[in-house]
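Here is how the chains run, residue by residue.
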Amino acid sequence: MSVERADRLAKLVSEEGLERMLVTNLVNVRYLTGFSGTNGACICGPGDRAFLTDFRYIERAASEIGGWELVAVSVTWTTGLAERLSGRCGFEDQHVSVRELRELTEHAPEGAELIPAGGLPEQLRRVKDPDERNAIAEAAKLADEVYEWTLEQGLAGRTEIEVVRAAVARMRELGAEPSFPPIVAAGSNGAMPHAEAGEREIKTGDMVVFDMGAQLDGYCSDCTRTFAVGKPSGTAQEVYEIVFEAQTKALDAIAAGKTGKEVDTVAREVIANAGHGDHFGHGLGHGVGLEVHEAPRLSQRSEDTLETGEVVTVEPGISVPAQFGVRIEDLVVVTGKGHENLSSLPKELRSVE
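Going along each chain's sequence as written, the residues are numbered from 1 onward. Reporting in this predicted model follows two pLDDT cut-offs: at least 70 for local features of residues, and 80 or more for side-chain atom pairs to be given and counted; totals over whole chains, interfaces and linings ignore these cut-offs and use all residues. Computation of side-chain values: all heavy atoms of the structure, hydrogens and water removed.

Secondary structure follows DSSP: runs of H or I at least 4 residues long count as helices, runs of E at least 2 residues long count as strands, and numbering of each begins at the N terminus. An expected span of 1.5 Å times one less than the residue number is assigned to each helix. In this model, helix H8 (residues 160-173) (14 residues) spans 20 Å end to end at C-alpha, consistent with the 20 Å of a helix rising 1.5 Å per residue. Summary of the burial criterion: residues with accessible area below 20% of their type's maximum are buried, those above 50% are exposed, and those between are partly exposed, where the area comes from a 1.4 Å probe applied to protein chains only. When H8 is considered as a whole, its buried residues turn out to be Glu 160, Ile 161, Val 163, Val 164, Ala 166, Ala 167, Val 168 and Met 171. Should any heavy atoms of two residues lie within 4.5 Å, those residues are considered in contact. Turning to H8, the residues buried within the fold contact helix H7 (130-152), strand S7 (177-178), strand S8 (183-186), strand S9 (207-212) and strand S10 (214-216). Gly 175 occupies a position one or two residues after H8 and carries a positive phi of about 100 degrees.

Given below as structure tokens:
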């Protein structure tokens, strides 16, 4: 698999007028080579496949990587990378610091030219192959199990952070890690889309926004549900139904060939027409894979067009300042005619004690 991905990157590199590319971002390195350690880089181009690491990881690399020349760097890291460069060499300018670029340039052989080429590996990562989609589906399934387990323990009388800690512990028992710090935001805290769980006690009458994902075998999931503790108020029930409608219509709009802006607009119009346009300030969704936030984007600023095999979130929400928030998020695979939903949790408003 890593050889096929390297071939695709080499083709992109050539199309950009480059001879090779230095990849230093560890997520991209893992995607291209399969290496899961914490220090590695690769150089990829037509006829050029070199993976570099240090003494600590050379045996690990030998067990994880096939089809690449393995190089153990014995000098300083940046010097070791630079010495392998030649010709027109792209680099990840969105990941390489000014200092690192200066050091690479100083130590590169004569004739080597470093050229900004960030985003090429990420371009490949957008469309997931079947193995990747299966890995994401398994992460989503595990996270859904943790959701159900957590709800069985109840919410009322517990603090937000207690719920988070219990959910994380259960996730680790099942063999996964959180793909991001889970959000449990009760009452007015739920009006902050990226609230941090704290010592607030969850009380009867609260709406609770619960945003959580799992990372399993390197791949992430992401899901959000909003629960009522006890009986919701009439206003909360009304807002929930608006978000539910917006999400349903946005999901119906998902298909290869649609733009991220078009799909975002579908959900945004439902919420705006209900009088809550100013309360939907975040983008509708984002790609998920080796990272929980990656391309493509679904928002008013997005220039992305959806492609078959991409995995994206669809997560409209309404944040009523100082009162409560509602967000409903599913994780879906884009298909030629629509989508495949990887989120199995019910979406009707659930009352939890």
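The geometry of an aromatic ring pair is captured by two quantities: the separation of the ring centres and the angle between the planes. Put simply, two rings from Phe, Tyr or Trp (the six-membered ring, in Trp's case) pair if the centres are within 6.5 Å, and we call them stacked under 30 degrees between planes, edge-to-face over 60, tilted for the rest. All told, the structure shown has three aromatic pairs when counted by the stated rule. Taking the centre distance of 5.8 Å and the plane angle of 85 degrees together, the rings of Phe 35 and Tyr 57 count as edge-to-face. Taken as a pair, Phe 35 in the loop between helix H2 (26-33) and strand S2 (41-45) and Tyr 57 in the loop between strand S3 (48-53) and helix H3 (58-64) lie far apart in primary sequence, 22 residues in all. When sorted by exposure, Phe 35 lands in the same class as Tyr 57, which is buried. An aromatic cluster is built from Phe 35, Phe 51 and Tyr 57, whose rings are joined through pairwise contacts. Look at NZ for Lys and CZ for Arg. If either is within 6 Å of the ring centre and within 35 degrees of the ring normal, a charge sits over the ring. Stacked on the ring of Tyr 31, the Lys or Arg Arg 5 has its end atom at 4.2 Å from the ring centre. The ring of Phe 280 has Arg 268 lying over it, and the distance from NZ or CZ to the ring centre is 3.9 Å.

On to the packing of H7 against H8, then. Lines fitted to C-alpha atoms define the axes here, with helix axes fitted over just the stretch in contact, and angles between the N-to-C directions of these axes take values from 0 to 180 degrees. H8 packs onto H7 with a crossing angle of 135 degrees between their chain directions and a minimal axis gap of 10 Å. Judged on the interaxial angle alone, H8 and H7 are oblique. Viewed along their axes, H7 and H8 form a crossing whose handedness is right-handed. Judged by residue contacts, Leu 142, Val 146, Trp 149 and Thr 150 of H7 engage Val 163, Ala 166, Ala 167, Arg 170 and Met 171 from H8. What sets the label is the angle itself: under 35 degrees gives roughly parallel, over 145 gives roughly antiparallel, 65 to 115 gives roughly perpendicular, and the rest give oblique. The sense of a crossing depends on the near helix, which, turned anticlockwise from the far helix by less than a right angle, makes the crossing left-handed and, turned clockwise, makes it right-handed.

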